[in-house]
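# Fold and contact review
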Amino acid sequence: GPIWQTGTGFFGDPSSTQWVDKFCDPQLFRDHMWFYEPHKEVKSLEEMIPIYHDIVGRGMIMELAFAINREGLVDSTHETVYWQLGEWVRNCYGTPVLSKQNTVGEQIVKIPLPPNTPFDRIILEEDVAVGQRIRNYTIALVYDDNSYQPPKAQDIVVFTLVSNGTSVGRKR
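Here, residues in each chain are numbered from 1, in the same order as that chain's written sequence. Residues qualify for local features only when their pLDDT is at least 70, as the model is predicted, and side-chain atom pairs are given and counted only at 80 or more; totals for whole chains, interfaces and linings, by contrast, use all residues. Calculation of side-chain values draws on the structure's entire complement of heavy atoms; hydrogens and water are dropped beforehand.

## Some remarks on the overall build of the chain
Rules: In this text, helices come from DSSP runs of H or I with a minimum length of four residues, and strands from runs of E with a minimum of two, each type numbered from the N-terminal end. C-alpha atoms define the radius of gyration, and 2.2 Å times the number of residues to the power 0.38 defines the globule rule. Accessible area is worked out with a 1.4 Å probe on protein chains only. A residue is then buried under 20% of its type maximum, exposed over 50%, and partly exposed in between. Contact between two residues is taken to exist if any of their heavy atoms lie within 4.5 Å; hydrogens are not considered. The method behind every accessible area is Shrake-Rupley, applied with a 1.4 Å probe, and residues are considered shielded solely by the protein chains displayed.
Within the chain one finds two helices and four strands. Ordered by position from the N terminus, the helices and strands of the chain form the series β-α-β-α-β-β. Relative to the compact-globule value of 16 Å for 172 residues, the chain shows a C-alpha radius of gyration of 20 Å, a clear excess of over 25%. Expressed as lengths along the three principal axes of its C-alpha atoms, the size of the chain is roughly 70 × 40 × 20 Å. The buried share of the chain, taken over its 172 residues, is 26%. For the chain, long-range pairs separated by at least 24 residues make up 54% of all intrachain contacts whose partners lie at least 6 apart in sequence. Counting every atom, the chain has about 12,000 Å² of accessible surface; 55% of that belongs to carbon and sulfur.

Right under this line is the structure:
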């Protein structure tokens, strides 16, 4: 469901004037535990990716638990997964195919893609410096003759709904 950075409780409250960051602190261990235990299996990168998407993709801050060993160090198996997850995020989201910053009050944001541009993710971000203001959004792909002009009545336009929701916040 939608996560609001305003209001208390897990999901927040879109009507609240109180800003309360929403955090989630997943564990690296396969068994749910907070503190270091020797020889406990850690989650793989493949297991961490959907956790990242679920948390960050709903606008929350991900605080991945660090379990420091008894010598005060990060175990090498943990370090490997932390590094892999960081590399995956940088490679996956570091350089967008295209980006657009809308202007205040702009209701429709169009991002024309050159023909045959592959992409598999869309990121929405809201400037939360003055609060969380987006109350609903729709993402759609519109295929037309690539003229980037509003369609005329006789034009055939294919509209494909990708996503819609009620909350954006930091990142969705």
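## What to know about empty space enclosed by the protein
Formally: Definitions used for this entry: grid spacing 1 Å over protein atoms alone; cavity, a set of points where a 1.4 Å probe fits but cannot get out; pocket, an open set with protein on both sides within 12 Å along at least 5 of 7 lines; lining residue, one with an atom within 4 Å of a point. Grid points are joined across faces, edges and corners, and a volume is the space filled by probe spheres set on the points. Gly is put with the polar residues, along with every residue not named as nonpolar or charged; the nonpolar set is Ala, Val, Leu, Ile, Met, Phe, Trp, Tyr, Cys and Pro, and the charged set is Asp, Glu, Lys and Arg.
Using the criterion set out here, one finds one cavity of 30 Å³ or more in the structure. What the largest cavity holds in volume is close to 30 Å³. Around the largest cavity, the lining residues are Q27, L28, F29, M33, W34, A65, A67, H78 and Y82. Here the residues of the lining of the largest cavity are counted per class, giving seven nonpolar, two polar and no charged.

## Re the packing of aromatic side chains
Our working definition: Aromatic contacts are taken between Phe, Tyr and Trp rings whose centres are within 6.5 Å, Trp giving its six-membered ring; a plane angle under 30 degrees counts as stacked, one over 60 as edge-to-face, and the others as tilted.
Inspection of the entire model under this criterion finds five aromatic pairs. Ring centres of F66 and Y82 lie 4.1 Å apart, and the angle between their planes is 10 degrees; this geometry places the pair in the stacked category. One end of the pair, F66, is in the loop between β2 (61–62) and α2 (76–93); the other, Y82, is in helix α2, with 16 residues separating them in the sequence. Three or more aromatic residues joined by ring pairs form one cluster here, namely Y52, W88 and Y93.

## Brief notes about a nonpolar patch on the surface
Which entries qualify depends on this criterion: Patch membership requires more than 30% relative accessible area and the absence of a salt bridge. Residues of like charge join within 9 Å; the nonpolar side chains Val, Leu, Ile, Met, Phe, Trp and Tyr join within 5 Å. Only one rule defines a salt bridge in this text: a Lys or Arg side-chain nitrogen within 4 Å of an Asp or Glu carboxyl oxygen.
Taken together, the side chains of V97, L98, V109, I111, F119, I122 and V162 present a nonpolar region at the surface, about 550 Å² in accessible area. Among the structural elements, V97 can be located in the loop between α2 and β3 (137–143).

## As for helix α1 (residues 45–56)
We count it as follows: Expected helix span is taken as 1.5 Å per residue step, with the number of steps being one fewer than the number of residues. It is the directions from the helix axis to the C-beta atoms that the arc portrays.
A rise of 1.5 Å per residue sets the reference length of α1, with its twelve residues, at 16 Å; its end C-alpha atoms lie 16 Å apart and thus fit the reference within 8%. Along α1, the residues that are buried comprise L45, M48, I49, Y52, I55 and V56. An end-on view of α1 places all buried positions within 140 degrees of arc, on one side of the element.

## Concerning the pattern of salt bridges
For the coordinates displayed, the defined rule picks out seven salt bridges. One salt bridge connects R30 with E41, and the closest N-O pair in it is separated by 2.4 Å. On the criterion of sequence distance, the pair formed by R30 in the loop between β1 (23–24) and α1 and E41 in the loop between β1 and α1 is long-range, its members being eleven residues apart. Among the ionic pairs, K40 bridges to D31, the shortest N-O distance being 3.6 Å. Under the relative-accessibility criterion, K40 is labelled partly exposed at 35%. One network of salt bridges, in which partners are shared, links R30, E41 and E47.

## Examining α2
An ideal rise of 1.5 Å per residue puts 26 Å on 18 residues; α2 measures up with 26 Å between its terminal C-alpha atoms. Along α2, the residues classified as buried are H78, V81, Y82, L85, G86 and W88. The buried residues of α2 all sit within an arc of 160 degrees when viewed along its axis, so they share a single face. In α2, the exposed positions that point more than 90 degrees away from the buried face belong to W83 and N91.

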